Amino acid sequence: MSELELQMNDYRLTTAEILYHLPDHPALLQSYIWQEYDLAPRYPELHKFLAFWEENLDGPLHSVKVANIPIITAPDTRIAACCLTLQ
């Protein structure tokens, strides 16, 4: 699917900040930023990625912060309080 088709199906650009422990130094945390179109609030794409991470990568997860915003929204309209004519 194209990006526009995903957005029309209520997919949103989702950003996740993943903190994980370094395999060689478990007391240290490293940050990884993941970004993809995903369907809120279940986030199936993010869950697939995190499952892959836990199965294939050595750094155990510490925490995940998720933020998203719909790309296609209704435009903001404003009504002018007054109208002036300059000559």
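Here's a quick rundown of the structure.

Rules used in this analysis
- Residues numbered from 1 in each chain as written.
- Predicted model: local features only at pLDDT ≥ 70, side-chain atom pairs only at ≥ 80, totals over all residues.
- Heavy atoms only, no water.
- Helix = DSSP H or I, 4+ residues; strand = E, 2+ residues; numbered from the N terminus.
- Buried < 20%, exposed > 50% of the residue type's maximum accessible area, 1.4 Å probe, protein only.
- Contact = heavy atoms within 4.5 Å.
- Core = buried A, V, L, I, M, F, W, Y, C linked by side-chain atoms within 4.5 Å.
- Phe/Tyr/Trp six-rings, centres within 6.5 Å; stacked < 30°, edge-to-face > 60°.
- Pairing = 2+ DSSP bridges.
- Axes fitted to C-alpha atoms, helices over the stretch in contact; angles between N-to-C directions.
- Polar contact = N/O pair within 3.5 Å; in protein donor to acceptor, adjacent residues only side chain to side chain.

Here we look at the overall build of the protein chain
- A tally of helices and strands in the protein chain yields two helices and three strands.
- In the protein chain, the succession of helices and strands from N to C terminus is α-β-β-α-β.
- Considering the protein chain as a whole, with its 87 residues, one finds that 17% of them fall into the buried category.
- In the protein chain, of all internal contacts separated by at least 6 residues, the share reaching a separation of at least 24 is 58%.

A few points about the nonpolar core
- Ranked by size, the top nonpolar core spans nine residues in total: Ala-16, Ile-18, Tyr-20, Trp-34, Tyr-43, Leu-46, Phe-49, Leu-50 and Trp-53.
- Counting residues per element, this core draws most heavily on helix α2 (residues 44–56), at four residues.

Topic: the packing of aromatic side chains
- This structure, assessed with the given rule, holds five aromatic pairs.
- Relative to Phe-49, the ring of Tyr-32 lies with its centre 5.9 Å away and its plane at 15 degrees, an arrangement referred to as stacked. Of the two residues, Tyr-32 is situated in strand β2 (residues 29–38) and Phe-49 in helix α2; the sequence distance between them amounts to 17 residues.
- Tyr-32 gets classed as partly exposed once you look at its relative accessible area, which sits at 36%.
- Relative accessible area serves as the criterion here: at 19%, Phe-49 is assigned to the buried category.

What about the sheet that holds β2?
- Pairing in this open sheet of three strands is antiparallel, and the strands run β2-β1-β3 from one edge to the other. Edge positions in the sheet fall to β2 and β3 (61–69), since each of these pairs with one other strand and no more. Within the sheet, the average angular offset between the axes of one strand and its neighbour, ignoring direction, is 20 degrees.
- Alignment of strand β1 (residues 12–21) against β3, held across eight bridges, turns out to be antiparallel. Bridging from a neighbouring strand, Ala-16 pairs with Val-66 of β3.
- Taken strand by strand, α2 contacts β1, β2 and β3, and its axis lies near 145 degrees from that of β2.

Concerning the environment of Asp-38
- Along the chain, Asp-38 turns up in strand β2.
- Asp-38 sits in the buried class, given a relative accessible area of 0%.
- Distance from Asp-38 to Thr-15, taken between C-alpha atoms, is 9.3 Å for residues 23 residues apart in sequence.
- Dropping the residues within four chain positions of it, Asp-38 is found in contact with Asp-10, Tyr-11, Arg-12, Thr-14, Tyr-43, Pro-44, Glu-45 and Leu-46.
- Looking at Asp-38, its side chain comes within polar contact range of the main-chain nitrogen of Glu-45, at 3.1 Å.

Focus: the environment of Ala-16
- Residue position: Ala-16 is located in strand β1.
- According to the relative accessible area criterion, Ala-16 is buried, its value standing at 0%.
- Separated by 16 residues in the primary sequence, Ala-16 and Tyr-32 place their C-alpha atoms 8.2 Å from one another.

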